[in-house]
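So the chains spell out like this:
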Amino acid sequence: MGLSFADIQAMSREATALYPPMRPPIMTEPTEKEKRIAQLQIGFARRLRKSEYYVVESTKSTELPRYSDKYRSSPAFQPTLKRSDLHAPFFPTEIFEAYFNPRKKAKARKQVDQKRKLNLDEMLDDNEANESAQEGSDAGGSQGDPDYDTEEEYDNDYADNYFDNGEGENFDDLGDGGGGDDGGGGKNPAHFYRTYKFMSSQGGDYD
Amino acid sequence: MADLHTTNLCAEIISTHFGPLASKVASILLSRGRLTLPQLARFTSLKPRLVRNILLVLIQQNIVWHANSETDGSGEEVLEFNVEECLMRLHFGAFVYQAEELFGVAGGEIIQLVLDHGKLTSPRILQSLNAAATSFLPSEDKTPVVYSQALYKLVSLRYLKPSTVSSHISPRDKRIQYEAEEKAKISGFPTSKQLREAKETVDARFKMEEAETEKIGLKRKAKSQLPSTKKRKATSTKEDDGTVVDETVYFRVNFDKFNIHTRNALIEKAVQERYNPGAALVVRAILKITEETQHSVADIRSDPLSVSNIILHLNSEEDEATLTSGLIQSKSKSAGSCVKEYLGILSSADNPTPTGRAGAFLEFSSKGKGGGSGKVQVLFDVVARRLKRQVLEGVARERHGLEGVRVIRLLMDTGKLDEKQISKNVMMPLKDVRPLLSALSASSLVSIIEVPKSADRNPTRMFYLWQVDIPKAFSHILNVLYKTLYNISARRQAEREDPTLVAVLNKRERSDVSVDVEGLLSQHEKEVLKAWEEKEQKLSILEGRVEESVFIVRELGRAVGSLED
């Protein structure tokens, strides 16, 4: 298949021309119908350029302002998309609202984000999901109150699985009771004081 | 998602119509597929507000679908690009021309307005057109009644179709959602039969939704609005059935219906090339009479039409002259018998073999009593297949010369052949056939099938059969055509960026010059402008011609569907 060795040997060793002679194809004369259709198609592009569907970005120009600028079209002259022209049900609500009400809906959007983050909690185990969902709904309910109880949530997050208050620990076999407790307290250096205080009420004195 | 050439072409179309910023958004959506807004903003590195603006424009123009992705639980809004709609934008000029031919200047203006805006309600259409009309001198053609009549005709004949909320939701997402609903109904472990039934239910649901949307658009007139008897005589007879255009519905252009006219023109041209103007006249009459019942390009054949109906249609003087001059007859015959002769020729009645049937344009349906009063149907799929084959042979002729066409024709007629048999049938020596076959295979027009003789696939002991793989060949041809269209568009852009031309165009756009072009531009500038406009027109015409081939390969390919041999 393809070229055999004899064929290759028989081929000429000269380089082929860089631009071999070519006869360019000739375009036949257009009919009236084709000309009219071409004009209509060009017309579409021209009308769209001036319409509100052509989106331009106004950039800051460092050139000096000129007299003829008032005659030239700039991004400021381009018409923009208006809410009354569009039928809202056809568009995705978030994008539509966010474009036409940029400031007012910022809080409402945050609320939706919060709820969405809380949805991730549902993917945890059932028990934890139930608890955190409950707290989540509580937190969501007290949305208007910005300073929701940090103390309470903090305790709920960390109390069960992070901080080991050492109630069940047996210090009898430890030479230095502070070692284990320091280890327990050293887990979370930011709250060292709290744990330290907690520890000192229980364990013996240590250095 | 789309392949490279389609992506480039769509991005270029969007850039011509909506600007380079919109083109950036479009190319990211095309190359990366379905995206959410934050992802899109990140990939395009544009400001989110700008991206939202562009997306609203593209959704309004029906180029982007959106959906709420429920399946991954986040409920975010995702956006997907509608490639077909974007490629249809190249046909807009032809649609307006067709509307002008069928419904007059008023119809053409309505279609132009709806295409400009994507979709519009009827009050809005009439308002803009009447405002534009009254700014000129009033002429007989531009009264409000003419526009509303034209609008009614366009809606009732389905040239404008209603646009609903569900047509903006991406069909892939809809399909996933419906399938999930169907599968949820299956209890226990689903068997393959149940899954197939679920798919069929989903397909049926899609068709039902489409049928429902067609019914919107025209509503019955309220009794209080029925005009008094005096006015009824003045208004057109079409409003007698008591329907009127619904004013709350948004209408968009139904591309399928306009494509039907393009297809009919192609069929007529094919008949004229194959036979003569008389035959073309007969076929044109048939297609015109059955136009109203043709709904889509994917129809396989037209509705049956009786022969007497055709004869009735062709009873003008010049029709008779064309008909009789096209046939050689022993004695002068009437137009009616000429028509019957032509119908016999067009349906290949004298050649009932498969080859003859593949070359037929019509068919006599067996319901009638016979040739005299029988019914005739145009075979769209047969004609489509033949037109596509002509395109394939044309491409082969351009690239590989006449020998290439001989090989392609042989392989298409006889299926799969070994290279020795090919060289015998094509009457060329084997050493010429071999490089030709590898060149054809490099351009995806033919492909190889390996049939092993022994259990181990030893290359020296295998049959290599060559065949023309039709779907592969046509998808390659389509890609090449898209690349050509992209090149034409890129050439237009490059020509536009010529510095002298840029200066002249900017000067013409000035608000004082645009009002008084003749007076304020110098002679040299006017010449530059004229040269540019000629180039622009030539390139547009060229685009239109390439689009014709794209139409044959893509749209007519739907009529043929899976009937490929």
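Going by the annotation in an unreviewed UniProt entry, the name recorded for chain B is DNA-directed RNA polymerase III subunit RPC3, with Lentinula guzmanii given as the source organism. As recorded by UniProt, the Subunit (unreviewed entry) comment attached to chain B reads in full: "Component of the RNA polymerase III (Pol III) complex consisting of 17 subunits."

Going by an unreviewed UniProt entry, chain A carries the name DNA-directed RNA polymerase III, subunit Rpc31 and comes from Lentinula guzmanii. Check the Sequence similarities (unreviewed entry) section of the UniProt entry for chain A; it says "Belongs to the eukaryotic RPC7 RNA polymerase subunit family."

**Q** In this structure, what is going on with the overall build of chain B? I would like to understand it.
**A** Looking only at helices and strands, chain B features 25 helices and 14 strands. Considering only residue pairs separated by 6 or more positions, chain B has 65% of its internal contacts joining residues 24 or more positions apart.

**Q** Even after reading the chapter, I still don't get the overall build of chain A, so can you show me in this structure?
**A** Counting its regular elements, chain A contains eight helices and zero strands. The N-to-C order of helical and strand elements in chain A reads α-α-α-α-α-α-α-α. Residues classed as buried in chain A amount to 19% of the 207 residues present. Expressed as a percentage of contacts within chain A between residues at least 6 apart in sequence, the contacts between residues at least 24 apart total 46%.

**Q** Please explain the sheet that holds strand 13 (residues 447-452) of chain B as it appears in this structure.
**A** In a beta sheet, neighbouring strands pair by backbone hydrogen bonds and run either parallel or antiparallel. Pairing within the open sheet is antiparallel, and its three strands lie in the order 12-14-13 (chain B). Two strands close off the open sheet at either side, each with one partner strand: strand 12 (417-418) and strand 13 of chain B.

**Q** Explanation requested: the interface of chain A and chain B in the structure shown.
**A** It is common to report an interface's size as the accessible area lost on association of the parts. With 50 residues of chain A in contact, the opposing surface of chain B contributes 65 residues. With both chains or domains summed, chain A and chain B bury close to 5500 Å², and 60% of this area falls on carbon and sulfur atoms. Interface area lost by chain A to chain B is led by Tyr53, Val55 and Phe90 of chain A, which between them contribute 15%. One can count six salt bridges joining chain A with chain B. The closest approach of N and O atoms between Arg545 of chain B and Glu34 of chain A, which form a salt bridge, is 3.0 Å. The tally of links from chain A across to chain B stands at 14 residue pairs in polar contact (both at pLDDT 80 or more).

**Q** Can you walk me through the domain arrangement of chain B in this structure?
**A** Taken domain by domain, chain B consists of domain 1 (4-81), domain 2 (90-222 + 237-255), domain 3 (259-378), domain 4 (383-472) and domain 5 (478-560). Centre-to-centre separation of domain 3 of chain B and domain 4 of chain B, based on C-alpha positions: 35 Å.

**Q** Please clarify how helix 6 (residues 92-117) of chain B should be interpreted in this entry.
**A** An α-helical turn contains 3.6 residues, so a residue and the one three or four places further along point in the same direction. Residues and elements named next belong to chain B. Between its first and last C-alpha atoms helix 6 spans 12 Å; for 26 residues at 1.5 Å apiece the expected length is 38 Å, and the helix comes up short by more than 12%. Along helix 6, the sharpest change in direction is near 145° and occurs at Phe103. Directly beyond the C-terminal end of helix 6, a positive phi value near 90° is found at Gly118.

**Q** Would you mind showing me how to read the confidence of the model for chain B here?
**A** Caution applies to low-pLDDT parts of the model: their predicted coordinates are not meant to be read in detail. All names here are of chain B. Within chain B, residue pLDDT values average 83, and 89% of them lie at 70 or more. When the criterion is pLDDT under 50, residues 367-372 qualifies, and its contacts beyond four places in sequence or with other chains add up to five contacts. Overall fold confidence for the complex sits at a pTM of 0.79, while the interface term, ipTM, reaches 0.85.

**Q** For this particular structure, what's the right way to read the packing of helix 13 (residues 277-289) of chain B against helix 15 (residues 317-325) of chain B?
**A** When two helices pack together, their arrangement is given by the angle between the helix axes and the distance between those axes. Residues and elements named next belong to chain B. Across the interface, helix 13 lies against helix 15 with an axial gap of 7 Å and an inter-helix angle of 130°. Between helix 13 and helix 15, the angle is such that the two are oblique. The segment helix 13 lies against helix 15, with Pro277, Gly278, Leu281 and Val282 engaging Asp319, Thr322 and Leu323. For the contact of helix 13 with helix 15, the residue count by class is four nonpolar, two polar and one charged.

Scoring rules and cut-offs
- Residues numbered from 1 in each chain as written.
- Chains lettered and ligands numbered in written order.
- Predicted model: local features only at pLDDT ≥ 70, side-chain atom pairs only at ≥ 80, totals over all residues.
- Heavy atoms only, no water.
- UniProt positions renumbered as here; feature names shortened; annotations may be inferred.
- Helix = DSSP H or I, 4+ residues; strand = E, 2+ residues; numbered from the N terminus.
- Contact = heavy atoms within 4.5 Å.
- Buried < 20%, exposed > 50% of the residue type's maximum accessible area, 1.4 Å probe, protein only.
- Pairing = 2+ DSSP bridges.
- Buried area = accessible area lost by both parts, 1.4 Å probe.
- Salt bridge = Lys/Arg side-chain N within 4 Å of Asp/Glu carboxyl O.
- Polar contact = N/O pair within 3.5 Å; in protein donor to acceptor, adjacent residues only side chain to side chain.
- Domains from an automatic or database assignment.
- Expected span 1.5 Å × (residues − 1).
- Bend = angle between axes of the 7 residues up to and from the residue.
- pLDDT = per-residue confidence, 0-100.
- Axes fitted to C-alpha atoms, helices over the stretch in contact; angles between N-to-C directions.
- Parallel < 35°, antiparallel > 145°, perpendicular 65-115°, else oblique.
- Nonpolar A, V, L, I, M, F, W, Y, C, P; charged D, E, K, R; others polar.

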